[in-house]
Amino acid sequence: MQFLQLFSQTRREVPADLSIVGQQWLARAGYIQPLEGGPVALLPLGELALRRLEGQIRRGLMGLGAMELGLPSGRPALPMVFELARSHLRSYRQLPALLYRTGWQSSSGLSHACGLLGERAAWGVEAFSLSGSQNPPPGEGKKEMEEMLERFFASCRLPVESAEDLSSAHEVTGRTWFYPHPSGEEQWLGCEGCGYTATPAAARFRRPPALEEAPAALERVATPGCKSIAALAAFLGIPESRTAKAVFLTLNESRLVFAVVRGDREVNEVALRRLLGSDRLRPATEDEIRSIGAVPGYASPVGLKGALVVVDVEVTHSSNLTAGANEEGFHLRNVCFGRDFVADLVADIALASAGDACPHCGSPLLARRGFSLAESRSYSPEFAAEQGVRFLNESGQSVPPRVKMDRFSLARTLGCLAEEHHDGNGLVLPEAAAPFLVQVVVLDSKKPEVAAMARALEQTLTGAGIEALVDDRPESPGVKFNDADLIGLPLRVTVSERAIGQGGVEVKWRARPEKWILRPEEVPGLLQARF
């Protein structure tokens, strides 16, 4: 492809509308362009790089026997897959089935200043596997799908960390792969002692030993204006860990849930949804809270009726906590579980945070930040049954399948590659993501011998199945070399009068300083030996 056909321009100035270095290089090299209002456009180089990444995932999936679906964009894919399965899945003989689609996916977008890492809709691949009890789906456990994903990230030379991750009531297992980056708004926790990793919603942690103290007499105290845990603890001069936090939620639009955790912790809503078996859980309104006699900001499980009370296990071992009095401006000191209130359910519903003890070795969990690039989620057969998806098994019984979803965010992966692979002159893309493997720089293109050598090189590369980006613009050598460094293709081949005089063309890997002369017919072999 000729450079002038790219419909993009390189930029010398640093884009003011992008705040992360790698995304700035993508814009300067002509891969992306931020648009008014926040979205990011992929220019031809960016689109070609994205297709290179997509091609690897496609080949991996097809190697596992996957079949592609064409699904409408802008809608969650899993409900559409269930709809298709209700129509077409009949017998165990059709299983296991592995289906996939490519297209735009919703994501937890950040600011548009983050470029491809901030997009609220990112291009990627979603795979869905259905299986019966006798044929586990491709990729279940650490098998084909996970191995394919690890090979993909290795080919991109992209360091990633995976963490246990759960996001809904119906998931049996889940895992997310992250690229660590200080600008990332997604967080996971990791233990340096044993390697345990999990997102806060999925993380387990050891609770500190409870204080041994005798229950004291219940005491009603005035706490004017103390509607938050921080204000209450400051007013009474006690640590937040000596208070009980009340959180009201509404389940399935019909039942009020009163969750109680220690005051220095937050409620893990994912754990609560999984405990209650429903994702239809939302914050309760003030009217809903007052309808059972509770007072927002001063609520307490003591003497309360009309709500499902769910208490974190840590609260059951903590004596003499300070909790609301269900009366405006008042709290109760020395509240004890079992004596002053009971629970309908007791479970681990506190959210893990940095500093909590690892569940395996007890070392402190450390917070890590970055961008999610892939995720894998397995769902219970009961979830498929709720969606009306069933098949006849070997015994002629109607049973639901097991369902697994794997998602690959390729636009984000390209953005992370730019963060990982650049230097002071531009991008240094690995071959797995490079839109072309070779950039041919032609100097003195009007000279017959140079033009002839450039044509011979291009024909040789084309004959070997290698498409090159050919820069024969009437620009100075400095401009062309700077642009080649900006764009960051793996190999630069320079055709010039001087190189011809030395017996061929000059070659240079983008990531290395050495240059040497090869005959044009030797260039394809160099690339084939490397890649």
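Along each chain, residues carry numbers from 1 onward, in the same order as the chain's sequence is written. In view of the model being predicted, local features appear only for residues whose pLDDT reaches at least 70, and side-chain atom pairs are presented and counted only at 80 or more, with totals across whole chains, interfaces and linings using the full set of residues. Neither water nor hydrogens contribute to the side-chain values; these are computed over all heavy atoms in the structure.

Mapping Arg 90 onto the fold places it in the loop between helix H3 (77-88) and strand E4 (97-106). In this structure the side chain of Arg 90 is engaged in a polar contact, spanning 3.0 Å, whose partner is the backbone oxygen of Ser 87. Helix and strand definitions here come from DSSP, where helices need a minimum of 4 consecutive H or I residues and strands a minimum of 2 consecutive E residues; each element is numbered from the N-terminal end. Definition of a polar contact: a pair of N or O atoms within 3.5 Å, with one able to donate and the other able to accept a hydrogen when the atoms are protein atoms, and with sequence-neighbouring residues admitted only if both atoms are side-chain atoms.

Salt bridges, as used here, are contacts in which a Lys or Arg side-chain nitrogen is within 4 Å of a carboxyl oxygen on Asp or Glu. Evaluation of the coordinates by the stated rule reveals 42 salt bridges. One salt bridge connects Glu 126 with Arg 101, and the closest N-O pair in it is separated by 2.8 Å. Here the residue Glu 126 occupies a position in strand E5 (residues 121-131), and Arg 101 occupies one in strand E4, the gap between them amounting to 25 residues. This pair shows no difference in class: Glu 126 is buried, exactly as Arg 101 is. For every residue, the accessible area obtained with a 1.4 Å probe (protein chains only) is divided by the maximum for its type, and the residue is called buried under 20%, exposed over 50%, and partly exposed between those limits.

Moving on to the pairing of strand E11 (residues 244-251). Among the eight residues that make up E11, six are buried, leaving the element largely enclosed by the rest of the structure. Only strands that DSSP links by at least two bridges are regarded as paired with each other. What sits between E11 and strand E12 (residues 255-262) in their antiparallel hairpin is a turn of three residues, with Asn 252 showing a positive phi close to 55 degrees. Examined bridge by bridge, E11 and strand E13 (residues 281-283) share three bridges and lie antiparallel to one another. Bridging from a neighbouring strand, Leu 251 pairs with Leu 281 of E13.

This paragraph deals with the packing of helix H11 (residues 448-463) against helix H14 (residues 523-530). The axes used here are C-alpha line fits, helices contributing only the stretch in contact, and every angle between their N-to-C directions lies in the interval 0 to 180 degrees. Two numbers describe how H11 lies on H14: the axes approach to 9 Å, and their chain directions differ by 40 degrees. With respect to H14, the axis of H11 lies oblique. Of H14, the residues touching H11 (which contributes Leu 457, Thr 460 and Leu 461) are Val 523, Pro 524 and Leu 527. Class assignment of the residues belonging to the contact of H11 with H14 gives a composition of five nonpolar, one polar and no charged. Roughly parallel here means an angle under 35 degrees, roughly antiparallel means over 145, roughly perpendicular means 65 to 115, and every remaining angle is called oblique. What makes two residues a contact is simply this: any of their non-hydrogen atoms within 4.5 Å. Three classes are used: nonpolar for Ala, Val, Leu, Ile, Met, Phe, Trp, Tyr, Cys and Pro, charged for Asp, Glu, Lys and Arg, and polar for all others, with Gly counted as polar.

Let's shift gears to helix H12 (residues 477-487). For an α-helix, 3.6 residues make a turn, and residues three or four places apart therefore share a direction. Along H12, the positions that sit buried rather than exposed are Lys 480, Asp 483, Ala 484, Asp 485, Leu 486 and Ile 487. Considering only its buried residues, H12 is in contact with helix H1 (21-28), helix H2 (44-63), strand E23 (426-427), strand E24 (438-442), strand E25 (468-471) and strand E26 (491-495). Where H12 ends, the next residue or the one after it, Gly 488, has phi of about 75 degrees, a positive value.

As summarised here, the arrangement of the five strands in space is E13-E11-E12-E14-E17, forming an open sheet in which the pairing is mixed. Whereas interior strands pair on both sides, the edge strands pair on one side only; in this sheet they are E13 and strand E17 (345-347). Going across the sheet, the axis of each strand differs from the next one's by a mean of 30 degrees, ignoring polarity. Against the sheet, helix H6 (residues 269-276) contacts E11, E12, E13, strand E14 (308-312) and E17, and its axis sits at roughly 135 degrees relative to E13.

Moving on to the UniProt feature "domain: YbaK/aminoacyl-tRNA synthetase-associated" (unreviewed entry) in the protein chain. UniProt positions are given in the numbering used here, feature names are shortened, and annotations may be inferred rather than shown by experiment. Under the UniProt annotation, the feature "domain: YbaK/aminoacyl-tRNA synthetase-associated" (unreviewed entry) is placed at residues 223-335. Along residues 223-335, the helical share is 22% and the strand share 33%, with 16 Å between the first and last C-alpha atoms.

Below, the discussion takes up the environment of Leu 78. Along the chain, the position of Leu 78 falls in helix H3. Remark: the alpha-carbon pair of Leu 78 and Leu 64, spanning 14 residues in sequence, is separated by 20 Å. With residues up to four places along the chain from it excluded, the contact list for Leu 78 reads Phe 128, Tyr 379, Phe 383 and Val 403.

The next point concerns the side chain of Gln 24. Assignment of secondary structure puts Gln 24 in helix H1. Among the polar contacts made by the side chain of Gln 24, one reaches the main-chain carbonyl oxygen of Leu 18 at a distance of 2.9 Å. Those residues within four positions of Gln 24 in sequence are excluded, and the remaining contacts are Val 14, Pro 15, Leu 18 and Ser 19.

Quick look at the packing of aromatic side chains now. The description of an aromatic ring pair rests on the distance of the ring centres and on the angle between the ring planes. In this analysis, rings of Phe, Tyr and Trp, with Trp reduced to its six-membered ring, are considered paired at centre separations within 6.5 Å, and the interplanar angle assigns stacked below 30 degrees, edge-to-face beyond 60, and tilted for intermediate values. Enumeration according to the criterion identifies eight aromatic pairs in this entry. Connected via pairs of aromatic rings, a cluster forms that spans Phe 82, Tyr 379 and Phe 383. Directly above the ring of Phe 330 sits Arg 220, whose terminal nitrogen or CZ lies 3.7 Å from the centroid. In this structure, Arg 473 packs its charged tip against the face of Phe 3, placed 4.0 Å from the ring centre. Criterion for a charge above a ring: Lys NZ or Arg CZ within 6 Å of the ring centre, and within 35 degrees of the ring normal.

Before going further, it helps to examine the sheet that holds strand E10 (residues 219-222). Taken together, the three strands give an open sheet; going across it, the order is E10-E16-E15, and neighbouring strands pair in antiparallel fashion. Two strands bound the open sheet, and with one partner strand each, they are E10 and strand E15 (321-327). Taken pair by pair, the neighbouring strands of this sheet meet at an average axis angle of 35 degrees, ignoring direction.

Formed by 56 residues in total, the largest nonpolar core has its most connected members in Tyr 31, Leu 61 and Phe 408. An automatic or database domain assignment provides the domain bounds reported here. A domain-level breakdown of this core finds at least three residues from each of domain 1 (16-183 + 370-418) and domain 3 (438-529). In contact with Tyr 31, not counting residues within four places along its chain, are Leu 26, Ala 41, Leu 42, Leu 43, Leu 45, Gly 46, Ala 49, Leu 427, Leu 429, Pro 435, Ile 487 and Leu 489. Definition used in this section: a nonpolar core is a set of buried Ala, Val, Leu, Ile, Met, Phe, Trp, Tyr and Cys residues joined via side-chain atoms within 4.5 Å. Val 257, Val 261, Ala 347 and Leu 365 belong to the second largest nonpolar core, which has 23 residues in total.

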